[in-house]
Amino acid sequence: MSLRLKLHNTLTRGKAEFQPIYTDNVRMYVCGPTVYDFAHIGNARPVIVFDVLYRLLRHVYGDAHVTYARNITDVDDKINARALRDYPNLPLNDAIHAVTEKTAQQFHDDVAMLGCLEPTVEPRATDNIPQMIAIIEKLIARGHAYVASGEVLFDTQSMSDYGQLSKRPLDEQQAGARVAVEVHKKSPGDFVLWKLSGHNEPGWESPWGRGRPGWHIECSAMAGRYVGEVFDIHGGGLDLIFPHHENEIAQSRCAHGTHVMANVWMHNGFVQVEGRKMSKSDGNFITIHELLHTDKFGGRQWPGEVLRLAMLMTQYREPIDFSVKRLEEAERLLAKWPAAEIGDAAPDQAVLDALADDLNTVAAVQALHALAQAANADPQHLPVFAASAALLGVLPKKAEVDEAIAAAVDSLVAMRLEMLKAKNFAEADRIRDELSAKGIQLKDGKDKESGERVTTWEIKR
């Protein structure tokens, strides 16, 4: 492997060269959405960031040698509430399935428009209940969990180095779970693994009664099943370091008897909107769907490639201020890039080097823009530009045009050439302006052999 990939590891607080456990089976797990409503713009950032990493890993190790698991959380108190509201006449397990099927499809549609590849596997929490129960049974047997009032909790004091990811002292830890904790705990930091379900809550049979899992155990079970007890990279947002990822580590290590859960932990920074923390009460809570399909933000709809590029113009670990100004900047940049199709060329080394340096997408975008300028001046650079843009997932594609429309444009272009030959510049300009108003951009040049004037056209993005 010629490219030396370096990644920042939250666990060690430093950047180091990435060494996969197996080069022919590189494994990454990323925490996905909780599907009870439209995903917001903050949810889009980890999807885009780890999509770029997935593309880079596939480039380095080969498409068939990278496994990317991104889960769907489809059991949660917010989902329960939405199911009771929207499907009051269905059995609750069926009702939550109805809610999550709809919202999961919304999520898939939205992130596809952001140019994100599908993960290798996308497990759902409710399909992995037996795996969760098996891990909890192991934790109880090994003295790391206990039953209290019919519920099961993880005993944080049973793990001597609990808290290594967040670097928070144990006496400062607070129980963190998306289900209410109303039991007597051995210590304040203990957290729920399994909670009993009431008659109006979804539940599954278990050795401890009908209940549902705590939030953290879901990812331990899915990661263990699909990428292994110890794997290469675990990703997610900065807000997941504590308690979610800290507790994942505790459960997985103590259940499997391993020194680590994942060798590298990566976390993307927070997203603000127009300089403020996103909040429904402040009126600046923006979903991906609203950005793509409504005029709620900036008075217009925004193309998915613009949203993606706007995210990549900030280094992934840094906070980002998502603003209309940032989107307009990304849109202006994209307008200067040529449309192209992926060929057999390799990505530019400057783009690769930037991404290999802890996903430095800022430097990668700068290098890509230089390639775009070169490709605009000389089409011979187009293949390398296309390969490089595809690595970032921002390749401008040629728009498909209806044959009848294309014939009409060709006719007007030919008429304009006749007007130019006749020196009727006013009429030639009128035709050019008419086409421009319809989104058609003309490019004048000369035939290399005959020297005659030729005009090509393309649809403006």
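Here is what the cut-offs are and how they apply
- Each chain carries its own residue numbering, running from 1 in the written order of its sequence.
- In view of the model being predicted, local features appear only for residues whose pLDDT reaches at least 70, and side-chain atom pairs are presented and counted only at 80 or more, with totals across whole chains, interfaces and linings using the full set of residues.
- The basis for every side-chain value is the complete set of heavy atoms in the structure, and neither hydrogens nor water enter the calculation.
- Stacked, tilted and edge-to-face are the three classes applied to pairs of Phe, Tyr and Trp rings, where Trp contributes its six-membered ring and a pair requires centres within 6.5 Å; stacked means planes under 30 degrees apart, edge-to-face means over 60, and tilted covers the rest.
- Elements are defined by DSSP. Helices are runs of H or I of four residues or more, strands are runs of E of two residues or more, and each kind is numbered from the N terminus.
- Between buried and exposed lies partly exposed: a residue is buried under 20% and exposed over 50% of the maximum accessible area for its type, with that area taken using a 1.4 Å probe on protein chains only.
- Two strands are counted as paired when DSSP detects at least two bridges linking them.
- Only the stretch in contact is used when a helix axis is fitted, and all axes are lines through C-alpha atoms; the angle between N-to-C directions ranges over 0 to 180 degrees.
- UniProt positions are given in the numbering used here, feature names are shortened, and annotations may be inferred rather than shown by experiment.
- Just so you know how the angles are binned, under 35 degrees is roughly parallel, over 145 roughly antiparallel, 65 to 115 roughly perpendicular, and the rest oblique.
- The contact criterion used throughout is that any non-hydrogen atoms of two residues lie within 4.5 Å.
- When residues are sorted by character, Ala, Val, Leu, Ile, Met, Phe, Trp, Tyr, Cys and Pro go into the nonpolar class, Asp, Glu, Lys and Arg into the charged class, and all the rest, Gly among them, into the polar class.
- The salt bridge definition used is simple: a Lys or Arg side-chain nitrogen within 4 Å of an Asp or Glu carboxyl oxygen.
- As used in this record, nonpolar core signifies buried Ala, Val, Leu, Ile, Met, Phe, Trp, Tyr and Cys residues forming a set joined through side-chain atoms within 4.5 Å.
- Domain start and stop positions are those given by an automatic or database domain assignment.
- By definition here, a helix of n residues has an expected span of 1.5 Å times n minus one.
- Arc, as used here, means the arc of the directions from the helix axis to the C-beta atoms.

This part covers the packing of aromatic side chains. The geometry of an aromatic ring pair comes down to the distance between the two centres and the angle between the two planes. The tally for this structure, following the rule as stated, stands at seven aromatic pairs. Summarising the aromatic geometry, the rings of F18 and Y61 are spaced 6.4 Å apart at their centres and angled 80° between planes, so their arrangement reads as edge-to-face. Taken together, the residues span a long stretch of sequence, with F18 in the loop between β2 (14–17) and β3 (26–30) and Y61 in helix α1 (residues 41–61) at a distance of 43 residues. Residue F18 is classed as buried on the basis of its relative accessible area, which comes to 3%. Residue Y61 is classed as buried on the basis of its relative accessible area, which comes to 11%. For the ring pair W194 and W208, a centre distance of 6.1 Å and an interplane angle of 55° mean the geometry is tilted. Here W194, found in strand β7 (residues 191–196), pairs with W208, found in the loop between β7 and β8 (211–213); they are 14 residues apart in sequence, far enough to count as distant. An identical accessibility class is assigned to W194 and W208; each is buried.

With antiparallel pairing, the four strands of this open sheet are ordered in space as β5-β6-β7-β8. Every interior strand has two partners, whereas the edge strands, β5 (145–148) and β8, have only one. In this sheet, adjacent strand axes meet at a mean angle of 25° when their direction is disregarded. In the sheet, β5 pairs with strand β6 (residues 151–154) via four bridges, with the strands oriented antiparallel. The partner of V147 across the bridge, within β6, is V152.

Before going further, it helps to examine the UniProt feature "short sequence motif: 'HIGH' region" (unreviewed entry) in the protein chain. The UniProt feature table records "short sequence motif: 'HIGH' region" (unreviewed entry) at residues 33–43. Split by type, residues 33–43 is 27% helix and 0% strand. Its first and last C-alpha atoms lie 7 Å apart.

When two helices pack together, their arrangement is given by the angle between their axes and by how far apart the axes lie. Close contact between α1 and helix α8 (residues 304–312) brings their axes to 10 Å; oriented N to C, the two are set at 80°. By the angle between their axes, α1 is roughly perpendicular relative to α8. Along its contact with α1, which presents I41, A44, R45, I48, D51, V52 and R55, the element α8 presents R308, M311 and L312. Its residues placed into classes, the contact of α1 with α8 shows six nonpolar, no polar and four charged.

Moving on to the environment of A262. Relative to the helices and strands, A262 resides in strand β10 (residues 262–268). A262 gets classed as buried once you look at its relative accessible area, which sits at 1%. Sequence spacing of A262 and S252 is ten residues, and the spatial spacing of their C-alpha atoms is 9.8 Å. Apart from residues no more than four positions distant in its own chain, A262 is found in contact with F231, D232, I233 and H234.

Here we take up the environment of V394. Position of V394 relative to the elements: it lies in the loop between α12 (382–392) and α13 (403–421). Here the alpha-carbon distance between V394 and R276, two residues 118 residues apart in the chain, equals 27 Å. Residues in contact with V394, not counting those within four places in the same chain, are R308, L309, L312, L334, W337, L368 and A389.

Further remarks concern the pattern of salt bridges. According to the stated counting rule, one finds 23 salt bridges in the structure shown. For R82, the salt bridge is made with D37, and the minimal N-O distance between the two is 3.5 Å. Of the two residues, R82 sits in helix α2 (residues 77–86) while D37 sits in the loop between β3 and α1, which places them 45 residues apart along the sequence. On the accessibility criterion, D37 (29% relative accessible area) is partly exposed. The closest approach of N and O atoms between R55 and D51, which form a salt bridge, is 2.8 Å. Of this pair, R55 and D51 both sit in helix α1, four residues apart, roughly one helical turn. Since its relative accessible area comes to 15%, R55 is described here as buried. Residue D51 is classed as buried on the basis of its relative accessible area of 1%. Because the salt bridges share partners, they merge into one network encompassing D51, R55 and R308.

For the rest of this paragraph, the subject is the nonpolar core. It is characteristic of soluble globular proteins that their nonpolar side chains tend to be buried jointly. Among the nonpolar cores identified, the biggest contains 76 residues, and L57, F322 and W337 are the most heavily contacted of them. Taken together, domain 1 (6–268) and domain 2 (342–398) each give at least three residues to this core, which thus spans both. Each residue touching L57, except ones within four places of it in the same chain, is listed here: L5, F18, V26, M28, G62, V66 and I233. With 47 residues, the next largest nonpolar core counts I129, V152, Y162 and M222 among its residues.

Turning our attention to the sheet that holds β3. Overall, parallel pairing links the four strands, which are arranged β4-β3-β9-β10 in an open sheet. Strands with a single pairing partner mark the edges of an open sheet, and in this sheet they are β4 (66–70) and β10. With direction set aside, neighbouring strand axes in the sheet form an average angle of 20°. For strand β9 (residues 231–237) and β10, the ladder comprises six bridges, and the chain directions are parallel. Bridge assignment links G235 to a residue of β10, and that residue is M266.

When the terminal C-alpha atoms of helix α4 (residues 129–141) are compared, their 19 Å separation across 13 residues agrees well with the 18 Å that a helix rising 1.5 Å per residue should span. Residues I129, M132, I133, I135, I136 and L139 constitute the buried set of α4. Looking down the long axis of α4, one finds its buried residues gathered within 160° of arc, a one-sided arrangement. Facing away from the buried side of α4 by more than 90 degrees, the exposed set consists of P130 and A141. Where the residues of α4 are buried, they touch β5, β6, β7, β8, α5 (215–226) and α6 (241–256).

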